[in-house]
Amino acid sequence: MPLVPSTSSQAQIKCKHIGFLLQPNFTMLALSSAIAPLRMANQLSGEQLYRWTILSEDGGVVTASDGLKIEVDSCINNYVEFDTVLVCGGVDIKGTVTRKVLSWLTHLSRCNIVLGGICTGSYLLAKAGLLNGYQSTIHWELLASCQEEFPLIKSSNQLFILDRNRMTCSGGTAPIDMMLQVISKEYGKALTTAISDMFSHEHIRDENDQQRIPLQHIVGATQSKLQDVVALMEANIEEILCLDELASFVDLSRRQLERLFQKYLNCSPHRYYLQLRLGKARQLLKQTNMSIIEIAIACGFVSTPHFSKCYRNSFSIPPRDERNVLAKNKQFASSKESSLGSVKVQHQHQQHH
């Protein structure tokens, strides 16, 4: 199986041009995570599937949040022939907003160029009104404030979202998964599987995966008892503790604990505990060879049917079907070595001739 779908001529493979606009104090890890899959796609396919240009507003050096200074290729005014432009944000993104950048992004939108944001970069798209009516995400530190500031945007806690001609990502290493999703749609799963193997990226996360928001950020530092109860839940996934036991541990009544969960987490203790257990079950399903019944028991479910029902209600897919999808993906991985060898031989043959 070839890593790139065959074409009748090499000219039919169009090289996609991606612009990365660096905002002051951008996150280096997020930028590297977005570019690395593109480079590896070129290397493994033997074709220039992607090229990229690094931009700043005025063409000057940009300092990342870790203090590294990055020389860019150009200022924003010199390039309009992109297929995609991604805004790379980081620390204090709100302080980097300028009219010039917002106007440029609006111009790109009118030219039907795909726009996106990495880490906090989607804030600039939101500020320009370019995410209204779209599903989008942003790093969890800004999620709540963006939901308040931009009510026309369907903000989500997902790791990344591809919605029509918009692509937004939470940052960190999540851009790897987002770009692998893009590459998969354009050139197939065989190539993305090979890329993830080269990066020792064992599990490609999809758009259904959520950011893990630190509990303290959600409930505030003063709610130590609520944090203690959640920690107790996380430590007792297989042997479930009842609500009275949890309340007693932090010297609260059952009713007081229920009020805390409802006020700060907008759900009951039972519901929160269930989601923790299902999250753990999903990790085991994707990362181990444990059977469905073994996973159910390990996550505190008394029967496989009850586990399957809860899992389907939460993730919109039964655990057995999700396991089957994973098995198909592994089939792509098993053919990677032979496919990669074939592509390299073909590429070397072309060079000799």
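On a predicted model such as this, the values are computed, not experimentally measured, just so you know.

## Examining the pairing of strand E7 (residues 114-118)
Point 1. Most of E7 is tucked away: 4 of the 5 residues are buried.
Point 2. Where strand E6 (residues 84-88) lies against E7, 5 bridges are found, and the strand directions are parallel. From the neighbouring strand, Cys-88 faces E7, where its bridge partner is Ile-118.
Point 3. Handedness of the crossover joining E6 and E7 through helix H2 (residues 99-110) is recorded here as right-handed.
Point 4. Across 4 bridges, the pairing between E7 and strand E11 (residues 166-169) is parallel. Bridge pairing in E11 links Gly-117 to Thr-168.

## Section: the sheet that holds E6
Point 1. If you walk across this open sheet you meet the 7 strands as E5-E2-E1-E6-E7-E11-E10, and the pairing is mixed. Each having just a single partner strand, strand E5 (74-75) and strand E10 (160-163) make up the two edges of the open sheet.
Point 2. Pairing of E10 with E11, which is carried by 4 bridges, proceeds in the antiparallel orientation. Each bridged residue has a counterpart across the sheet, and for Phe-160 the counterpart in E11 is Cys-169.

## As for the pattern of salt bridges
Point 1. All told, the structure shown has 10 salt bridges when counted by the stated rule.
Point 2. With a closest N to O distance of 3.3 Å, Lys-127 and Glu-149 form a salt bridge. Here Lys-127, found in helix H3 (residues 122-127), pairs with Glu-149, found in helix H4 (residues 140-149); they are 22 residues apart in sequence, far enough to count as distant.
Point 3. When its relative accessible area of 41% is taken as the criterion, Lys-127 is described as partly exposed.
Point 4. Asp-177 is the partner of Arg-205 in a salt bridge, and the nearest nitrogen-oxygen pair spans 2.7 Å.

## Thoughts on helix H6 (residues 189-198)
Point 1. H6 sits mainly inside the fold: 7 of its 10 residues count as buried.
Point 2. Of all the positions in H6, only Ala-190, Leu-191, Thr-192, Thr-193, Ala-194, Ile-195 and Ser-196 are classed as buried.
Point 3. A positive backbone phi angle near 55 degrees is found at Ser-200, which sits one or two residues after H6.

## Topic: the pairing of strand E1 (residues 16-22)
Point 1. Taking burial as the measure, the 7 residues of E1 include 6 buried ones, the bulk of the element.
Point 2. Both E1 and strand E2 (residues 50-56) contribute to a ladder of 6 bridges, which runs parallel. For Ile-18, the partnering residue across the bridge sits in E2 and is Trp-52.
Point 3. Once the chain exits E1 it traverses helix H1 (residues 28-45) before rejoining the sheet at E2, and the crossover so formed is right-handed.
Point 4. As judged from the 5 bridges shared by E1 and E6, these two strands associate in the parallel manner.

## Section: the packing of helix H8 (residues 224-235) against helix H11 (residues 269-287)
Point 1. The N-to-C vectors of H8 and H11 enclose an angle of 40 degrees; their axes lie 10 Å apart at closest approach. Of the possible angle classes, the one that applies to H8 and H11 is oblique. Considering only the axes of H8 and H11, their crossing is right-handed. Contacts between H8 and H11 pair Val-230, Met-233 and Glu-234 from the former with Pro-269, Tyr-272, Tyr-273 and Leu-276 from the latter.
Point 2. Split by residue class, the contact of H8 with H11 holds 6 nonpolar, no polar and 1 charged.

What counts and how
Residues numbered from 1 in each chain as written. Predicted model: local features only at pLDDT ≥ 70, side-chain atom pairs only at ≥ 80, totals over all residues. Heavy atoms only, no water. Buried < 20%, exposed > 50% of the residue type's maximum accessible area, 1.4 Å probe, protein only. Helix = DSSP H or I, 4+ residues; strand = E, 2+ residues; numbered from the N terminus. Pairing = 2+ DSSP bridges. Right-handed = clockwise from strand over helix to strand, strands pointing away. Salt bridge = Lys/Arg side-chain N within 4 Å of Asp/Glu carboxyl O. Axes fitted to C-alpha atoms, helices over the stretch in contact; angles between N-to-C directions. Parallel < 35°, antiparallel > 145°, perpendicular 65-115°, else oblique. Left-handed = near helix turned anticlockwise from the far one by under 90°. Contact = heavy atoms within 4.5 Å. Nonpolar A, V, L, I, M, F, W, Y, C, P; charged D, E, K, R; others polar.

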